[in-house]
Amino acid sequence: MIDSRRDLANAANALLVECGGRPLPEDDIGRMVGDGAATLVARVFAAAQVAAPPDALPRFLAEYARHLLDHTRSYAGMPEVLEELSGRARLALLTNKPLASTREILHGLDLARHFPEALVIGGDGPFPRKPDPAGLRHLVAAAGVVADAAILVGDSIIDWRTARHAATGICLARYGFGFEGFPVGELSAGDRLVDSPLELLAL
């Protein structure tokens, strides 16, 4: 739905530099995203071969919170797609990002109106992070649909595993930065792929 790679990478690199390390390439950090902020911070420090300070996670979160919308944008066509889809189906959002940051981004990009507050779950909420299926199962039930009538749209192996564990459909966005390195050989016949947000309207 959104491309937040540069802002995440900039926040991670700012912390690395503060801790005496060298910044990592944005694409490298992008490949570390998906399992939540704590895992991202651990991966970044390991890749930079720098010892992470005890307060690395809160410092990263604070840095990222100050720059959530410097470069983060919706993928081209996504606002129009959400406008159309919101008239056809119940839309929900499941992310491993912290909930406060998620809500700020949604409001900043004028996307919050498509997602009822009760149907937005962040990585620091009451459910385990993806790929644990609990959050997705909760959203499916809250939306009043059955699992095989729901589709999770994502771009990563984490999203794919979440949908598999929850027995929902999956649509993978090849345009998303999380798709790089995806093991496409593991896809099954029922898994869907799109190359642009507009293709979501044909699901």
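The structure presented is a predicted model; accordingly, all values stated were derived computationally and were not measured.

(A) The layout of surface pockets, seen in detail. Looking at the second largest pocket, its volume works out to about 190 Å³. Together, 15 residues line the second largest pocket, and Arg31, Val33, Ser156, Ile157 and Gly178 are the ones closest to its centre. Here the lining of the second largest pocket is composed, by residue class, of six nonpolar, five polar and four charged.

(B) Inspection of empty space enclosed by the protein at higher detail. Taken as a whole, this structure holds one cavity of 30 Å³ or more when the rule is applied. Here the largest cavity is characterised by a volume of approximately 30 Å³. Elements supplying a minimum of two residues to the lining of the largest cavity: α1 (5-18) and α3 (37-48). For the lining of the largest cavity, the residue count by class is seven nonpolar, no polar and no charged.

(C) Structural context of the packing of α1 against helix α4 (residues 56-65). Where α1 contacts α4, the axes come no closer than 9 Å and their chain directions differ by 130°. By the angle between their directions, the pair α1 and α4 is classed as oblique. Where α1 crosses over α4, the two elements pack in a sense that is right-handed. Where α1 approaches α4, its residues Asp7, Leu8, Ala11, Ala12, Ala14, Leu15 and Glu18 are matched on the opposing element by Ala56, Arg59, Phe60, Glu63 and Tyr64. Taken together, the residues of the contact of α1 with α4 break down into eight nonpolar, no polar and four charged.

(D) The arrangement of the sheet that holds strand β6 (residues 169-173) in detail. Across the sheet, which stays open at both edges, the three strands sit in the order β5-β6-β7 with parallel pairing between neighbours. Since the sheet does not close on itself, it has two edges, and those belong to β5 (151-154) and β7 (192-194), each with one partner. Strand-to-strand, the axes of this sheet are offset by a mean angle of 20°, without reference to chain direction. Across four bridges, the pairing between β5 and β6 is parallel. By the bridge assignment, Ile151 is partnered in β6 with Gly169. On top of the sheet, helix α8 (residues 157-166) reaches β5 and β6; it is set at about 170° to β6, its chief contact.

(E) View of α4. Buried within α4 are the following residues: Ala56, Phe60, Glu63 and Tyr64. Around the axis of α4, the buried residues are gathered within 95° of arc, so they sit on the same side.

(F) View of helix α6 (residues 99-108). Ser101, Thr102, Ile105 and Leu106 are the residues of α6 that are buried. End-on, the buried residues of α6 take up no more than an arc of 135°, which puts them together on one face. Facing away from the buried side of α6 by more than 90 degrees, the exposed set consists of Ala100 and His107. Residues of α6 that are buried sit in contact with β1 (2-3), α4, β3 (93-94) and β4 (120-121). One or two positions beyond α6, positive phi appears at Asp110, with a value near 60°.

What counts as what
Residues numbered from 1 in each chain as written. Predicted model: local features only at pLDDT ≥ 70, side-chain atom pairs only at ≥ 80, totals over all residues. Heavy atoms only, no water. 1 Å grid on protein atoms, 1.4 Å probe; cavity = no way out; pocket = protein on both sides within 12 Å on 5 of 7 lines; lining within 4 Å. Points joined across faces, edges and corners; volume = space filled by probe spheres on them. Nonpolar A, V, L, I, M, F, W, Y, C, P; charged D, E, K, R; others polar. Helix = DSSP H or I, 4+ residues; strand = E, 2+ residues; numbered from the N terminus. Axes fitted to C-alpha atoms, helices over the stretch in contact; angles between N-to-C directions. Parallel < 35°, antiparallel > 145°, perpendicular 65-115°, else oblique. Left-handed = near helix turned anticlockwise from the far one by under 90°. Contact = heavy atoms within 4.5 Å. Pairing = 2+ DSSP bridges. Buried < 20%, exposed > 50% of the residue type's maximum accessible area, 1.4 Å probe, protein only. Arc of directions from axis to C-beta.

Read these as layout, nothing more, since geometry by itself doesn't imply function.
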